[in-house]
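# Reading the structure
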Amino acid sequence: IVVTTSGDETICLDDQLTISASASGGDAPYTYQWDNGLGAGQSHVVSPDVTTTYSVTVTDDEGCEAYGQLTITVTELEDPVVTTVCNNNGTPSDPSDDFYTYTILVNGTNTGASYSVSGDDTQSGLAYGVVNGPFGPFPISGGDLNLTITDSGDPACTQSAVASAPATCSDLCLLNTPVVLVN
């Protein structure tokens with residue numbers, strides 16, 4: 001008997017996929033018995049929380065057995081850490097021209113070589129485990145940036161983040177400095 005499995009795959013945490021096996025040779029019909037609590041059947045839908053190897057035992061009508069296995073690698077993106085910084089644009093008394101930049105840190109398990117950012121800003125080829133940026137400038141008056149992080153190894157594996165526009169960093173009170181007139 002020769003057993004062929006659907007093969008090793010990489011999925012994002014909380015995703016699911018169908019794994020299967022087929023047999024040839026020996027005497028049909030075949031029975032399929034999977035480990036990891038899957039039980040009998042030629043195929044199963046799985047959604048592992050961690051990287052898992054599944055093994056299948058195939059038995060033909062004469063009681064001969066053969067074995068196959070496959071590994072499902074689970075990619076997990078942790079919540080991104082986004083930090084914004086205000087810049088008064090060299091005009092400490094004028095908040096209307098204040099802008100901000102952001103940095104981003106993304107960690108994960110079983111990730112591709114890099115990640116990209118899309119949405120209200122676009123960046124690519126960013127490294128995991130280090131602070132990337134600063135990116136910008138963005139006008140504070142433009143509000144928050146909604147970002148989507150996408151793993152380069154599994155484009156279906158994404159995470160949402162927000163670069164929150166900070167409060168202005170110029171001081172309007174400086175405009176209200178009293179003027180003393182001398183006669």
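Scroll up to find the structure this text is about.
An account of the accompanying structure is given in this report.

The rules behind these values
- Residues numbered from 1 in each chain as written.
- Predicted model: local features only at pLDDT ≥ 70, side-chain atom pairs only at ≥ 80, totals over all residues.
- Heavy atoms only, no water.
- Helix = DSSP H or I, 4+ residues; strand = E, 2+ residues; numbered from the N terminus.
- Rg over C-alpha atoms; globule rule 2.2 N^0.38 Å.
- Buried < 20%, exposed > 50% of the residue type's maximum accessible area, 1.4 Å probe, protein only.
- Contact = heavy atoms within 4.5 Å.
- Disulfide = S-S within 2.5 Å.
- Pairing = 2+ DSSP bridges.
- Axes fitted to C-alpha atoms, helices over the stretch in contact; angles between N-to-C directions.
- Patch = residues over 30% accessible without salt bridge, like charges linked within 9 Å, V, L, I, M, F, W, Y side chains within 5 Å.
- Areas by Shrake-Rupley, 256 points an atom, 1.4 Å probe, with all protein chains shown as cover.
- Salt bridge = Lys/Arg side-chain N within 4 Å of Asp/Glu carboxyl O.
- Lys, Arg positive; Asp, Glu negative; His and termini not counted.
- Charge placed at Lys NZ, Arg CZ, Asp CG, Glu CD.

### A short note on the overall build of the chain
Helix and strand counts for the chain come out as 0 helices and 16 strands. Against the 2.2 N^0.38 benchmark of 16 Å for 183 residues, the chain shows a C-alpha radius of gyration of 28 Å, more extended than a compact globule. C-alpha extents for the chain along the principal axes are approximately 115 × 25 × 20 Å. Per-residue burial over the chain gives 32% buried out of 183 residues. In the chain, 58% of the contacts between residues at least 6 apart in sequence involve partners at least 24 apart.

### A few points about the state of the cysteines
Overall, the coordinates contain 2 disulfides when judged by the stated rule. Each disulfide pairs two cysteine sulfurs, and for Cys12 the partner residue is Cys157, the sulfurs being separated by 2.2 Å. Torsion about the S-S bond of the Cys12 and Cys157 cystine: about 50°, corresponding to right-handed handedness. With Cys12 in strand β2 (residues 9–12) and Cys157 in the loop between β15 (145–151) and β16 (158–163), this pair connects stretches of sequence that are 145 residues apart.

### What to know about the environment of Val50
Residue placement: Val50 occurs in the loop between β6 (43–46) and β7 (52–59). A C-alpha to C-alpha distance of 8.9 Å links Val50 and Glu76, two positions 26 residues apart in sequence.

### Topic: the sheet that holds strand β14 (residues 132–139)
Adjacent strands of a sheet pair through backbone hydrogen bonds, lying either parallel or antiparallel. Pairing within the open sheet is antiparallel, and its 3 strands lie in the order β9-β10-β14. Each of the sheet's edge strands pairs with one partner strand only, and the pair in question is β9 (81–87) and β14. Geometrically, the sheet is characterised by an average inter-axis angle of 25° between neighbouring strands, direction not taken into account.

### Observations regarding a negative patch on the surface
Where like charges cluster on the molecular surface, the negative patch consists of Asp14, Asp49, Glu76, Glu78 and Asp79. Structurally, the position occupied by Glu76 is in strand β8 (residues 65–77). Owing to a relative accessible area of 34%, Glu76 belongs among the partly exposed residues under this scheme.

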